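Spelled out from the first residue to the last, the chains are:
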Amino acid sequence: LEVPPSVRELRDCAYEGCASLESVALPDRLERVGASAFKGCSSLASVTLPASAARVGDGAFSGCSSLSSVTLPEGLREMGSGAFDGCPVESVTVPASLESTGGGRWWASGPFAGSSLRSATLAEGSARVAPGLFSGCSKLSSVSVPGTVASVGEYAFRGCSGLPASLEVPPSVRELRDCAYEGC
């Protein structure tokens, strides 16, 4: 599937349930992927969001049971709750530009909750671990956090029971927000 270059926003449920969709080429000008936009596209194996993408909605790629490769661009500011729920993605690099996730609320899960995420790297220059970023990632066992991070957001690692007890927090961190490591 090649989304036309004129498209700047994929609305909610745009391609939901397209089980035979194996690949998608997203336009360079795309700014937003709506909630459940690709939900249930069980044959989709990889996705590369363009540099222009600033927002990914709740459950945007949930249930994409073949999605094992995700590339997030620098410039991405927001990822919704359960954006990659049910995806076999095992590692991801989170851009320094990420500010918020749907998982920053006590009742919501993080964008990778329910996925197979085991390893994550925060990009160099990251100033924060966004609220709820890894909330619900029970398989997460390795996180690389650069020395530029000063804040760990609310519920950032909630329920990350796979993290080692010896998790190292960089000395640059000056603020641990409410429930940052709840249930680890």
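Just so it is clear, the model here is predicted, and its values are computed rather than measured. (Residues numbered from 1 in each chain as written. Predicted model: local features only at pLDDT ≥ 70, side-chain atom pairs only at ≥ 80, totals over all residues. Heavy atoms only, no water.)

**Section: empty space enclosed by the protein**
Part 1: The final tally for this structure, using the stated rule, is two cavities of 30 Å³ or more.
Part 2: Its volume calculated, the largest cavity comes out at about 70 Å³.
Part 3: In this structure, the largest cavity is lined by Val129, Val143, Val145, Val152, Phe157, Leu167, Glu168, Val169, Pro170, Val173 and Tyr181.
Part 4: Split by residue class, the lining of the largest cavity holds 10 nonpolar, no polar and one charged.
Part 5: Quantified by volume, the second largest cavity comes out at close to 40 Å³. (1 Å grid on protein atoms, 1.4 Å probe; cavity = no way out; pocket = protein on both sides within 12 Å on 5 of 7 lines; lining within 4 Å. Points joined across faces, edges and corners; volume = space filled by probe spheres on them. Nonpolar A, V, L, I, M, F, W, Y, C, P; charged D, E, K, R; others polar.)

**A word on the packing of aromatic side chains**
Part 1: In total, this model carries six aromatic pairs according to the counting rule given.
Part 2: Between phenylalanine 61 and phenylalanine 84, the ring centres sit 5.4 Å apart and the planes meet at 0°, which makes this aromatic pair stacked. Of the two residues, phenylalanine 61 sits in the loop between β4 (55–56) and β5 (69–71) while phenylalanine 84 sits in the loop between β6 (78–79) and β7 (91–94), which places them 23 residues apart along the sequence.
Part 3: Note on phenylalanine 84: relative accessible area 0%, which makes it buried.
Part 4: Among the aromatic residues, those joined into a cluster by ring pairs are Tyr15, Phe38, Phe61, Phe84 and Phe112. (Phe/Tyr/Trp six-rings, centres within 6.5 Å; stacked < 30°, edge-to-face > 60°. Helix = DSSP H or I, 4+ residues; strand = E, 2+ residues; numbered from the N terminus. Buried < 20%, exposed > 50% of the residue type's maximum accessible area, 1.4 Å probe, protein only.)

**What about the sheet that holds strand β10 (residues 128–129)?**
Part 1: With parallel pairing, the three strands of this open sheet are ordered in space as β10-β12-β13. Strand pairing shows two members of the sheet lacking a second neighbour, β10 and β13 (175–176), which therefore form its edges.
Part 2: Both strand β12 (residues 151–152) and β13 contribute to a ladder of two bridges, which runs parallel. Its bridge partner being in β13, valine 152 is matched across the sheet by leucine 176. (Pairing = 2+ DSSP bridges.)

**Describing the pairing of β7**
Part 1: Only one face of β7 is buried, namely the one carrying Val92 and Val94, since none of Ser91 and Thr93 on the opposite face is buried.
Part 2: Summarising the sheet, β7 and strand β9 (residues 119–122) pair through four bridges and their orientation is parallel. Within the sheet, the bridge partner assigned to serine 91 lies in β9 and is serine 119.

**Considerations on unusual backbone geometry**
Part 1: The backbone phi angle of cysteine 13 is positive, close to 65°, even though this residue is not glycine.
Part 2: Positioned with a positive phi, serine 36 is a non-glycine residue whose angle comes to about 60°.
Part 3: Among the structural elements, serine 36 can be located in the loop between β2 (32–33) and β3 (46–48).
Part 4: For serine 36, a relative accessible area of 15% puts it in the buried group.

**Side note on the sheet that holds β7**
Part 1: Taken together, three strands build an open sheet; the order of strands is β7-β9-β11 and the sheet is parallel. Edge positions in the sheet fall to β7 and β11 (142–144), since each has one partner strand and no second. Strand-to-strand twist of the sheet, defined as the mean angle between neighbouring strand axes without regard to direction, takes the value 10°.
Part 2: Bridge count between β9 and β11: three bridges; the pairing is parallel. Across the sheet, residue serine 119 finds its bridge partner in β11, namely serine 142. (Axes fitted to C-alpha atoms, helices over the stretch in contact; angles between N-to-C directions.)

**A few points about the pattern of salt bridges**
Part 1: Applying the stated rule across the entire model yields six salt bridges.
Part 2: In this structure, arginine 11 engages glutamate 9 in a salt bridge whose closest nitrogen and oxygen atoms are separated by 3.7 Å.
Part 3: On the accessibility criterion, arginine 11 (57% relative accessible area) is exposed.
Part 4: Notably, a salt bridge pairs aspartate 12 with arginine 32, separated by 3.3 Å at the nearest N-O pair. Residue aspartate 12 is found in the loop between β1 (9–10) and β2, and its partner arginine 32 is found in strand β2; the two are separated by 20 residues along the sequence. (Salt bridge = Lys/Arg side-chain N within 4 Å of Asp/Glu carboxyl O.)

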